[in-house]
Amino acid sequence: MKIVTIVGARPQFIKCAPVSRALRREHEEILVHTGQHYDANMSDVFFTELAIPAPDYHLGIGSGSQGEQTGRMLAAIEEVLIREEPDRVLVYGDTNSTLAGALAAVKLHIPVAHVEAGLRSFDRSMPEEINRIVTDHISDLLFCPTQTAVDNLAAEGITTGVHLTGDVMVDALLYNTGIAEQSSTVLEVLGLTKGEYYVATVHRASNTDSEEHLKSIMEAFGEVDGPVVFPAHPRTMKYLKEYGLDDRLPENIRLTEPLAYLDMLHLMRHAKMILTDSGGVQKEAYILKVPCVTLRENTEWVETLEDGWNVLVGADGEKIVEAAAARHISLPGDQQPVFGTGHASEVIADLVGERSDTIGE
Ligand code: UDP
């Protein structure tokens, strides 16, 4: 079967690494990079480090407003699909690349498979939530990472073509943690001691696009007891500069460029706590059994909240500092494998070849 895979943003490169590996054993894959993320440390580094095949098409779309970026991707992806005539289009997650890929395909009557289907934050002010909802409703095959995701789809009337596969990010994490342990020198380079530092990421629009929120988060980071390693997303860096916060960050904040995946994994694994608004990082914290404080009011990864591994605090400085201090209580060692056991990619590679006329039978 000929499959066109659409990726464009950092988390999608990480997710597609194990899936591409499994997929290419049985199918022909054409990889399309939309160019949504284009800096070397947000894109190229993942292709090299995770041995992802070079994209067959690089659309070079770049940044833009929601509508402009999605619209330009839609037109460019359509051209590729007309030329390649694939049997199936595979999209990942919840970015504008996901939405554009799914929309271009469905209008050409090409069946769409969605990896990470069914997630809901129930917050329609998030652009990601709109991308998730629309993509799920036009997909033929829906690969859900969790039972909650399956239930969310059922609540919206989507029951055909739905499969509980487990989470491909777990596959990537389990495959790479040992490699990172052997090869990453990030702790030495940054002069950090295991278990004595925090890792923080911030890039959700609700936090970056509000000066009040970003300032409150930075001030709160300044009040926690230890260094905070803060690999800033390009969008966050842009706003830190715009608000004049970049050169007056609290002293314990260690601002870095975005990190490569192996360094990020290694750093998270040995952190005492993670402070983040990232979806992927919340889940990685849970799997690595590192307590997490989430700088959002809601999460689509509700399983991480069970047993106190993750808490939601939004951008409220007081709550962030309080939660960071309270997280030092000991958490239960046991966890349910709610995100799967590390074999989601193989399950997806098997299911994606399902003939569209039998989907749902
Ligand atoms: N990540 C990384 N380097 C960084 C920050 C994050 O490799 O400097 C990884 C992280 O480990 C996770 C993924 O990027 O696997 C999450 O992506 P991101 O936070 O950009 O997106 P989200 O998951 O919120 O959609």
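What you see is a predicted model; the values in this text were computed from it and never measured.

Colleague: What exactly am I supposed to notice about the nonpolar core here?
Modeller: When a protein is soluble and globular, its nonpolar side chains tend to lie buried together. Leu90, Phe143, Leu267 and Ile274 are the most contacted members of the largest nonpolar core, which totals 51 residues. At seven residues, the largest contribution of residues to this core is made by helix H1 (residues 10-23). Contact partners of leucine 90, with chain neighbours within four places excluded, come to Ile3, Val4, Thr5, Ile6, Val19, Leu23, Ala113, Val115, Phe143 and Val352. Formed by 27 residues, the second largest nonpolar core is a distinct cluster that contains Leu214, Ile217, Leu295 and Val313.

Colleague: Please explain unusual backbone geometry as it appears in this structure.
Modeller: Glycine aside, the phi torsion of most residues is negative, and most peptide linkages are trans. Positioned with a positive phi, histidine 109 is a non-glycine residue whose angle comes to about 65°. Assignment of secondary structure puts histidine 109 in the loop between helix H4 (96-107) and strand E5 (112-115). Its identity as a non-glycine residue notwithstanding, phenylalanine 122 has a phi of 60°, on the positive side. Along the chain, phenylalanine 122 falls in the loop between E5 and helix H5 (127-137).

Colleague: Explain the site of the ligand to me, please; I cannot follow it from the model alone.
Modeller: The full set close to the ligand counts 19 residues, and Leu259, Ser278, Gly279, Gly280 and Glu284 are the nearest of them. The separation between an oxygen atom of the ligand and a polar main-chain atom of glycine 280 is 2.7 Å. At 2.5 Å from an oxygen atom of the ligand is found a side-chain nitrogen or oxygen belonging to glutamate 284. Expressed as a share of its isolated accessible area of 540 Å², the protein-covered part of the ligand is 96%. Contributing elements (two or more residues each) for the shell around the ligand: H1, helix H12 (261-269) and helix H13 (279-287). Per-element tally for the shell around the ligand: the top contributor is H13, with four residues. Tallied by class, the residues present in the shell around the ligand amount to 12 nonpolar, four polar and three charged.

Colleague: How should the packing of aromatic side chains be read in this particular structure?
Modeller: For any pair of aromatic rings, the description rests on two quantities: the centre-to-centre distance and the angle between the ring planes. Enumeration over the complete set of coordinates arrives at five aromatic pairs. Three or more aromatic residues link up through ring pairs in this structure, and these residues are Tyr286, Trp301 and Phe339.

Colleague: How should H13 be read in this particular structure?
Modeller: Because the α-helix completes a turn every 3.6 residues, residues three or four places apart line up on one side. Most of H13 is tucked away: eight of the nine residues are buried. Of the positions making up H13, those classed as buried are Gly279, Gly280, Val281, Gln282, Lys283, Glu284, Ala285 and Tyr286. Looking at the buried residues of H13, the elements they touch are helix H7 (168-183), strand E8 (198-201), H12, strand E11 (273-276), strand E12 (292-294) and strand E13 (310-312). Where H13 terminates, the next one or two residues include lysine 289, which has phi positive at roughly 60°.

Colleague: I would appreciate a short explanation of H1 in the present structure.
Modeller: With 14 residues, H1 should cover 20 Å at 1.5 Å per step; its first-to-last C-alpha distance of 20 Å lies within 8% of that length. Residue cysteine 16 marks the point of greatest curvature in H1, where the axis turns by about 35°; the proline proline 18 follows within four residues. Across the 14 residues of H1, 11 count as buried, placing the element largely inside the fold. Looking at H1, one finds that the buried residues are Gln12, Phe13, Ile14, Lys15, Cys16, Ala17, Pro18, Val19, Ser20, Ala22 and Leu23.

Colleague: What should I look at first to understand the pairing of strand E4 (residues 88-92) in this one?
Modeller: For a regular strand, side-chain orientation follows a simple rule: the groups alternate between the two sheet faces. Burial of E4 is extensive: five of the five residues sit out of reach of the surface. Residues of E4 alternate between two faces, with Arg88, Leu90 and Tyr92 on one and Val89 and Val91 on the opposite face, all of them buried. In the sheet, strand E1 (residues 2-7) pairs with E4 via four bridges, with the strands oriented parallel. Looking at E4, one finds that isoleucine 3 is bridged to arginine 88. Here four bridges tie E4 to E5, and the two strands are oriented parallel to one another. Bridge pairing links valine 89 to valine 112 in E5. For the crossover from E4 across H4 to E5, the handedness is right-handed.

How each quantity is defined
- Residues numbered from 1 in each chain as written.
- Predicted model: local features only at pLDDT ≥ 70, side-chain atom pairs only at ≥ 80, totals over all residues.
- Heavy atoms only, no water.
- Core = buried A, V, L, I, M, F, W, Y, C linked by side-chain atoms within 4.5 Å.
- Buried < 20%, exposed > 50% of the residue type's maximum accessible area, 1.4 Å probe, protein only.
- Helix = DSSP H or I, 4+ residues; strand = E, 2+ residues; numbered from the N terminus.
- Contact = heavy atoms within 4.5 Å.
- Near = heavy atom within 4 Å.
- Polar contact = N/O pair within 3.5 Å; in protein donor to acceptor, adjacent residues only side chain to side chain.
- Areas by Shrake-Rupley, 256 points an atom, 1.4 Å probe, with all protein chains shown as cover.
- Nonpolar A, V, L, I, M, F, W, Y, C, P; charged D, E, K, R; others polar.
- Phe/Tyr/Trp six-rings, centres within 6.5 Å; stacked < 30°, edge-to-face > 60°.
- Expected span 1.5 Å × (residues − 1).
- Bend = angle between axes of the 7 residues up to and from the residue.
- Pairing = 2+ DSSP bridges.
- Right-handed = clockwise from strand over helix to strand, strands pointing away.

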